[in-house]
Amino acid sequence: MRDASAFLGQWPFTSAPAPSAALLRRRYRECGVEEAAVSPMAAVLQPEPMSANLALFDELRDGAGEAGVALRPVPVINPSLSGWEEDLERCLRLAPARLAGVRIVPNYHGFSLEDGVADRLAEACQARQLTLCVQVRMEDERSHHPSMPVPGVGSAQVRDLAVRHEGLPLLVCGAYLRELEAYAACANIVAELSFVESGRLLAAAIAALGAGRLAMGTHAPLHVIEAGVAKVGSDELDAGAEAAIGDGNFRRLFPR
């Protein structure tokens, strides 16, 4: 089992303590997860994300291989800031073999996927064979702090970005079940399941996108790891579909 979308660090709008990388690895091992793509939580709200990226690289390097669970870094890049190209190259130099992809959080970083900056980052990722992870929300909008409501990234924006960059693998993180159908025509989009929680969720998600375009994601530590893992077994699947969602699609997205 592999987790396509997780974080390390403290989210300021929750009282839950932030697990260390060592604790996260132990929890994964207990749940049968052997690999996870992890981004720095602090990068979402800090003025610039590189300090959080560098701290993530240090923490993952210090505990590499601990508990038999591989945590692979997914740095956060804000393409609306000058110098993001240098940030991306620095991330590649620091973790050339382990880098799982790049994550963007457009709604928190104040840019639109319709802006040219998003296209330039998409082109850079495609040229470097990196998956671009689009975080469409960090929390259910109903639980936002009343002084800081942040709407999710529109499905149409994500779809149009995928259409403009057909050769770029896109992982949509944090999508609701009702949003999955918007991505059906875009073969380069895979969606992780951390916010797919309504109805007969796995059967409905497969009906929308197919097992080959879904990945197990936990959104840890904001969501419980066990819940994300349990979704893969929440409906009767043939062995091929379960393997794709729990493992194979992760390997295809993050082949390094």
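Residues numbered from 1 in each chain as written. Predicted model: local features only at pLDDT ≥ 70, side-chain atom pairs only at ≥ 80, totals over all residues. Heavy atoms only, no water.

Colleague: Explanation requested: the overall build of the chain in the structure shown.
Modeller: Tallying secondary structure elements over the chain gives 9 helices and 8 strands in all. C-alpha atoms of the chain, sized along the principal axes, occupy 50 × 40 × 40 Å. Within the chain, the proportion of its 256 residues that are buried is 54%. Within the chain, counting contacts between residues at least 6 apart in sequence, those at least 24 apart form 77% of the total. Within the structure as shown, the chain displays about 10,400 Å² of accessible surface, and the carbon and sulfur contribution to it stands at 52%. (Helix = DSSP H or I, 4+ residues; strand = E, 2+ residues; numbered from the N terminus. Buried < 20%, exposed > 50% of the residue type's maximum accessible area, 1.4 Å probe, protein only. Contact = heavy atoms within 4.5 Å. Areas by Shrake-Rupley, 256 points an atom, 1.4 Å probe, with all protein chains shown as cover.)

Colleague: Can you help me understand the state of the cysteines in this one?
Modeller: Two cysteines form a disulfide when their sulfur atoms are joined by a covalent bond. Applying the stated criterion across every chain, the model contains 0 disulfides. Free of any disulfide, Cys91 has its nearest cysteine sulfur in Cys125, 11 Å distant. In this model Cys173 remains outside any disulfide bridge; the closest cysteine sulfur is found in Cys133, 4.9 Å from its own. (Disulfide = S-S within 2.5 Å.)

Colleague: Explanation requested: helix 3 (residues 84–94) in the structure shown.
Modeller: Working note: α-helix, 3.6 residues per turn, so residues spaced by three or four point in the same direction. Of all the positions in helix 3, only Trp84, Leu88, Cys91 and Leu92 are classed as buried. One face of helix 3 carries all of its buried residues, which in axial projection span an arc of 100 degrees. Along helix 3, exposed side chains directed more than 90 degrees from the buried face belong to Glu86 and Arg93. (Arc of directions from axis to C-beta.)

Colleague: Looking at this structure, how should I read the packing of helix 1 (residues 21–31) against helix 8 (residues 225–232)?
Modeller: Each pair of packed helices gets described by two things: the angle between the helix axes and the distance between those axes. In contact at an axis separation of 10 Å, helix 1 and helix 8 are set at 30 degrees when each is read in the N-to-C sense. Relative to helix 8, helix 1 is oriented roughly parallel. Two packed elements cross with a definite hand, and for helix 1 against helix 8 that hand is right-handed. On the side of helix 1, the interface is formed by Leu24, Arg27, Tyr28 and Cys31, while helix 8 contributes Ile225, Glu226 and Val229. For the contact of helix 1 with helix 8, the per-class residue count stands at 5 nonpolar, no polar and 2 charged. (Axes fitted to C-alpha atoms, helices over the stretch in contact; angles between N-to-C directions. Parallel < 35°, antiparallel > 145°, perpendicular 65-115°, else oblique. Left-handed = near helix turned anticlockwise from the far one by under 90°. Nonpolar A, V, L, I, M, F, W, Y, C, P; charged D, E, K, R; others polar.)

Colleague: Even after reading the chapter, I still don't get the pattern of salt bridges, so can you show me in this structure?
Modeller: Pairing between side chains of opposite charge can happen when their charged atoms approach one another. Across all of its chains, the model carries 12 salt bridges by this definition. With its nearest N and O atoms 2.2 Å apart, the salt bridge here joins Arg2 to Asp247. Of this pair, Arg2 sits in strand 1 (residues 2–8) while Asp247 sits in helix 9 (residues 239–253), and the two are 245 residues apart along the sequence. A salt bridge links Asp247 to Arg251; its shortest N-O distance comes to 2.6 Å. With a gap of 4 residues between them, Asp247 and Arg251 both fall in helix 9, about one helical turn apart. Taken together, the salt bridges that share partners define one network made up of Arg2, Glu34, Glu35, Arg72, Asp247 and Arg251. (Salt bridge = Lys/Arg side-chain N within 4 Å of Asp/Glu carboxyl O.)

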